[in-house]
Amino acid sequence: MNAPAPSKAPSKAPSTAYLNFSRNTARALSVGALGSLSLWFALKFLLTEEPGPQQAVLQIAAGVLSLAGMVASVLLFLSTYSFRANAPDAQIDEREVVERNRAYFRAYQTLVFVLLLAYIVAEVLEKAFGWVPTRGVVANFLTLLIFAALTLPAAILAWWDAGDEG
Amino acid sequence: MISNRIQIFRTDRGLSRKELAALVDVNPQTIGFLERGSYTPSVELALQLARVFGVSVEAVFSLEPFPPLAAQIGAPASPPKGDTP
């Protein structure tokens, strides 16, 4: 049997630098991150400035959702799925390069869709109700988009992962 | 669609997916994708696989589907030329 000469570095994430979550854990983290942050944005959007016990509870709930979403996002960003999503060509094999590129393209499509949707909703709300987004709403939306942009490629790879059997 | 005999050659050589993956420097998952026909390899990877198995690349990959192994084993030997009337 003739063994070929190695062409590039092994396509494995260094386990010491990245958190080696299972596929299901990474999927749960992705749902937790994007779900919590989306709920946080929706809650902050609906909250009014009027003081009251109900508002205080909702503010605390929004804070908890925000924290949970950010922690889940950071954990996913430190996972091996994030390594594969952001690795240079030399560190992953040719199939993983194709998957990485597809995941980034899908993430780009998703973010553009969300931006377009937000633009249309804002236009409709302005035309129909004279509502103009405040600085706080825009800042919260940008926070949501930043975390989504950071986590989406790794999340997509986790959902596409076929498991150990390949 | 490219057909391949990677699984047949791999089991024939007594290699696990992980061992074969190490020999051609890919992720073991990629071997699974190749064996299922879910991924078409580059020319370089196809040549590396053929080299590991010690056969020509045409023996491992084909543009037409390979006949089932049972049919190949059970097929009667073709009669020598000139025997037919």
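The shown structure was predicted, so the numbers you read here are calculated from the model rather than taken from an experiment.

A few words now on the overall build of chain B. What chain B contains, in helices and strands, is six helices and two strands. In chain B, the order of α-helices and β-strands from amino to carboxyl end is β-α-α-α-α-α-β-α. Expressed as a percentage of its 85 residues, the buried residues of chain B come to 38%. Considering only contacts within chain B whose residues lie at least 6 apart along the sequence, 57% involve residues at least 24 apart. In the form shown here, chain B has an accessible surface area of approximately 5,100 Å², with 60% of it arising from carbon and sulfur atoms.

Further remarks concern the overall build of chain A. Within chain A one finds five helices and zero strands. Secondary structure elements of chain A occur, N-terminal to C-terminal, as α-α-α-α-α. Split into buried and exposed, the 166 residues of chain A put 34% on the buried side. The long-range share in chain A, meaning contacts at least 24 apart out of those at least 6 apart in sequence, stands at 78%. Of the roughly 9,900 Å² of accessible surface on chain A, 68% is carried by carbon and sulfur atoms.

Turning next to the side chain of Ser-62 of chain B. Residues and elements named next belong to chain B. Tracing the sequence through the fold places Ser-62 in strand β2 (residues 61-62). Relative accessible area serves as the criterion here: at 17%, Ser-62 is assigned to the buried category. Once you skip the residues sitting within four places of it in the chain, Ser-62 turns out to touch Met-1, Ile-2 and Ser-3.

This part takes up the pattern of salt bridges. Residue and element names in this part refer to chain A. What the rule picks out here adds up to eight salt bridges over all chains. Across the pair Lys-127 and Glu-123 runs a salt bridge, and its minimum N-O distance is 3.4 Å. With a gap of four residues between them, Lys-127 and Glu-123 both fall in helix α4 (residues 94-129), about one helical turn apart.

As a further point, take the environment of Phe-45 of chain A. Residue and element names in this part refer to chain A. Of note, Phe-45 is situated in helix α1 (residues 23-46). The exposure class of Phe-45 is partly exposed, given its relative accessible area of 33%. On a C-alpha basis, the gap between Phe-45 and Val-138 in space is 9.9 Å, while along the polypeptide they are 93 residues apart. If we skip the residues at most four places from it in the chain, Phe-45 touches Leu-125, Trp-131 and Val-137.

Moving on, we come to a nonpolar patch on the surface. Judged by side-chain polarity, Leu-19, Leu-67, Val-71, Val-74, Leu-75, Phe-77, Leu-78, Val-138, Leu-142, Ile-146 and Leu-150 of chain A come together as a nonpolar surface patch covering roughly 910 Å² of accessible area. Considering the arrangement of structural elements, one finds Val-138 of chain A in helix α5 (residues 135-160).

So, about α1 of chain A. Residues and elements named next belong to chain A. Here α1 contains 24 residues, and its C-alpha end-to-end distance of 34 Å stays within 8% of the 34 Å for a straight helix at 1.5 Å per residue. If you check which residues of α1 are buried, you get Ala-26, Arg-27, Leu-29, Ser-30, Ala-33, Ser-36, Leu-37, Trp-40, Phe-41 and Leu-43. Those residues of α1 that are buried are in contact with α2 (53-77), α3 (80-86) and α5.

Next up on the list: the packing of helix α2 (residues 17-24) of chain B against helix α3 (residues 28-36) of chain B. Residues and elements named next belong to chain B. In the contact formed by α2 and α3, the axes pass within 8 Å of each other and the chain directions differ by 105°. In terms of their interaxial angle, α2 and α3 are classed as roughly perpendicular. Seen from α2, the contacting residues are Arg-17, Lys-18, Leu-20, Ala-21 and Val-24; seen from α3, they are Pro-28, Ile-31, Gly-32 and Glu-35. Along the lines of polarity and charge, the residues of the contact of α2 with α3 split into five nonpolar, one polar and three charged.

Thresholds applied
Every chain is numbered on its own, with residues counted from 1 as its sequence reads. Each chain gets a letter, beginning with A, and each ligand a number, beginning with 1, in the order they are written. In view of the model being predicted, local features appear only for residues whose pLDDT reaches at least 70, and side-chain atom pairs are presented and counted only at 80 or more, with totals across whole chains, interfaces and linings using the full set of residues. Note that the side-chain values use all heavy atoms of the structure and ignore hydrogens as well as water. Secondary structure elements follow DSSP: runs of H or I of four or more residues count as helices, runs of E of two or more count as strands, with numbering from the N terminus. Only protein chains enter the calculation, and the probe is 1.4 Å; a residue is then buried if its accessible area is under 20% of its type maximum, exposed if over 50%, and partly exposed in between. Any two residues whose heavy atoms approach within 4.5 Å at even a single point are treated as in contact. Computed with a 1.4 Å probe, the accessible areas rest on the Shrake-Rupley method; for each residue, only the protein chains presented here act as cover. In what follows, salt bridge is the name for a side-chain nitrogen of Lys or Arg lying within 4 Å of a carboxyl oxygen of Asp or Glu. To count toward a patch, a residue needs a relative accessible area over 30% and no salt bridge; like charges are then connected within 9 Å, while nonpolar side chains (Val, Leu, Ile, Met, Phe, Trp, Tyr) are connected within 5 Å. Here the expected span of a helix is defined as 1.5 Å times the quantity of residues minus one. Axis definition: a line fitted to C-alpha atoms, over the contacting stretch in the case of helices. Angles run 0 to 180 degrees between N-to-C directions. The labels follow the angle: roughly parallel below 35 degrees, roughly antiparallel above 145, roughly perpendicular from 65 to 115, and oblique for the rest. Here the term charged refers only to Asp, Glu, Lys and Arg, the term nonpolar to Ala, Val, Leu, Ile, Met, Phe, Trp, Tyr, Cys and Pro, and the term polar to all other amino acids, Gly among them.

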